[in-house]
Amino acid sequence: GICEGKEKKMLSVEEIKKFIDDDNASEKKKYARIGQKYYEAEHDILKYRMFYFNTDGKLVEDTARANIKISHPFFMILADQLSSFMLSFTENPIRAKEGVEGLQEHLDLYFDDEFWSETGELITGAYSKGFEYIYGYKGEENRLVFQCADSMGVVDVHAKYTADHKDYKIYHYVDTEMSEKGKRKVTRIQVWDEENVYYFVQDGKSGTIEKDTSVPINPRPHVVYEDEETGQKLGSSLGYIPFWKLDNNKKQFSGLKPIKALIDDYDLHACSLSNNLKDFDTPLYAIKGFEGDDLTELQVNIKTKKIVGVGEGGDVEVRTVEIPYQARKEKLTLDKEAIFMFGMGFDPTKVGDGNITNIVILSRYALLELKANKLQKRLNKLLKQIIKVVLAEINEEHETDYQIADIEFKFTRSVMTNESENIANEKVKAETKQLEINIIMNVAAVIGDEETLRLICEELDIDFDELKGKLEAVPAIQTVVDAKKTLEGVKVDEPIETNLPEGVE
């Protein structure tokens, strides 16, 4: 039979609905949604409207003038830039310390490319929304697998707010299912405790929360497996709620907060410039002595027929409007520089004046490095929590006793460099080393052969003792060769003792 999780007192559907509703209305989630929207290039400029007072003194929306709405996704660049930079290593940065046998092979199975891909989503979500989650579950190979969870759908339920004084995690997301009337949107809800997962479904229209009958095992233990002998499905608990949270900062504010006003200002000025170019792409006509009552007809005649009828003494004067393009351009440049400065990012559009040395490149990465280092400390703290449960699983399965102290982090970030300068630097180093070796050889007669050899080994990073041992064996080998040539064809009664080095025949 199928082993379901033990029924026990847990959150009621009324409590679940209240916790979700309160969480959605919280200030923390409100600011998180703004960060998510700006990451997805849904800026406030998209809601921009223009109004004017008509002849009756009423404020009405102006639909005649151009109202171009373009989002400039600087925040998306900053978020993706941070995630890519923090994970720009070439090998698994979670390393077993030297002398700890067999552990690295296990770590590479858990912390593979798929894990770091999910970690990239975790970093991006934490920076853009202020906090993000990653959760674990048993995969097909009966091994813990980790996946990023959208923080907008995760509710922390603390023990002090529950009747049974236990912690819970509520995870909910919108899904589409088929019904008799066609497709409908529903909200899938999972309630996690230290033993089981409880599945519910909420109708999109009525808001009623019910037990999800589409899930075969409900409540479901954390781990469900099949007994090899009986074929029965059994369940077990992880003993903890497998959700971990990464905060962008102590107050869980999005990285958008210090630069939102700057991005909005850039959007406004850029779109205003586009509106000016569209509104004033044709000249203005100053008309005297117009015979007619309908200005709309006049406008149509100018645009289509290119003919204007005027009365006696009438005239048509064509005027152009000078758009303050240069001023707007300077303002946009200032805004962009401020966005990358206070957003602590790397501006990829800065090509410089041609003096692109490695020092210049590293200086442009300075703010991004500072931001990454701050978040790296929080990421390391989260990784240690995940490593603990991974080691517990490894120790249980392989009967080992690995500890968190056996592991170290080696995050080596890579930055672009000037290859020509790198080659030139390597050439100078090689020439300097050659010069130092020549100086050693010039004083060899004074310092002796052994000291000369030792100094050269230091310059070339060679093990002096190992090389010395090999060289000492050379004369003995040569002596044996000469002796064999001399004694060739001569029969001797006693074997010759040569004292050859080990391995030489």
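Just so it is clear, the structure is predicted and the values come from calculations on it, not from any experiment.

Trainee: What's the story with the overall build of the chain in this structure? I'm lost.
Mentor: Within the chain one finds 14 helices and 17 strands. Each of the 505 residues in the chain was classed as buried or not, and the buried ones make up 35%. A fraction of 60% describes how many contacts in the chain between residues 6 or more apart in sequence connect residues 24 or more apart. Summed over all atoms, the accessible surface of the chain reaches about 32100 Å², with 52% contributed by carbon and sulfur.

Trainee: Can you walk me through the sheet that holds strand 14 (residues 243-247) in this structure?
Mentor: The strands that make up a sheet are held in pairs by hydrogen bonds between backbone atoms, and each pair lies either parallel or antiparallel. Pairing is antiparallel in the open sheet, where three strands are placed in the order 5-4-14. Each edge of the open sheet is held by one strand with a lone partner, namely strand 5 (144-149) and strand 14. The average undirected angle you get between the axes of adjacent strands in this sheet is 25°. Note: strand 4 (residues 131-138) against strand 5, six bridges, orientation antiparallel. Opposite Tyr-133, over in strand 5, you have Ala-149 as the bridge partner. Where helix 5 (residues 113-129) meets the sheet, it contacts strand 4, strand 5 and strand 14, and its direction lies at approximately 150° from that of strand 4. On top of the sheet, helix 10 (residues 366-398) reaches strand 4, strand 5 and strand 14; it is set at about 165° to strand 14, its chief contact.

Trainee: Is there a simple way to explain the packing of aromatic side chains in this structure?
Mentor: Any pair of aromatic rings gets described here by the distance separating the centres and the angle formed by the planes. Throughout the structure, instances matching the rule amount to 22 aromatic pairs. Ring centres 5.9 Å apart and planes at 35° place the aromatic pair Tyr-135 and Tyr-137 in the tilted group. On the basis of relative accessibility, which here comes to 13%, the residue Tyr-135 falls in the buried class. Judged by its relative accessible area of 29%, Tyr-137 falls in the partly exposed class. Through a chain of ring-to-ring contacts, three or more aromatic side chains come together here, namely Phe-89, Phe-111, Phe-115, Trp-116, Phe-146, Tyr-240, Trp-244, Phe-409 and Phe-411. When the ring centre of Tyr-31 is taken as reference, the NZ or CZ atom of Lys-30 above it lies at 5.8 Å. The residue whose ring lies beneath Lys-257 is Phe-253, and the NZ or CZ to ring-centre distance is 3.6 Å.

Trainee: For this particular structure, what's the right way to read helix 10?
Mentor: Counted at 1.5 Å a residue, the expected span for helix 10 with its 33 residues is 48 Å, and the 44 Å between its end C-alpha atoms agrees. Maximum bend of helix 10: about 25°, positioned at Gln-376. Remark: Glu-399 follows helix 10 within two positions and exhibits a positive phi of approximately 55°.

Each value, and the rule that gives it
Residues numbered from 1 in each chain as written. Predicted model: local features only at pLDDT ≥ 70, side-chain atom pairs only at ≥ 80, totals over all residues. Heavy atoms only, no water. Helix = DSSP H or I, 4+ residues; strand = E, 2+ residues; numbered from the N terminus. Buried < 20%, exposed > 50% of the residue type's maximum accessible area, 1.4 Å probe, protein only. Contact = heavy atoms within 4.5 Å. Areas by Shrake-Rupley, 256 points an atom, 1.4 Å probe, with all protein chains shown as cover. Pairing = 2+ DSSP bridges. Axes fitted to C-alpha atoms, helices over the stretch in contact; angles between N-to-C directions. Phe/Tyr/Trp six-rings, centres within 6.5 Å; stacked < 30°, edge-to-face > 60°. Lys NZ or Arg CZ within 6 Å of the ring centre and 35° of its normal. Expected span 1.5 Å × (residues − 1). Bend = angle between axes of the 7 residues up to and from the residue.

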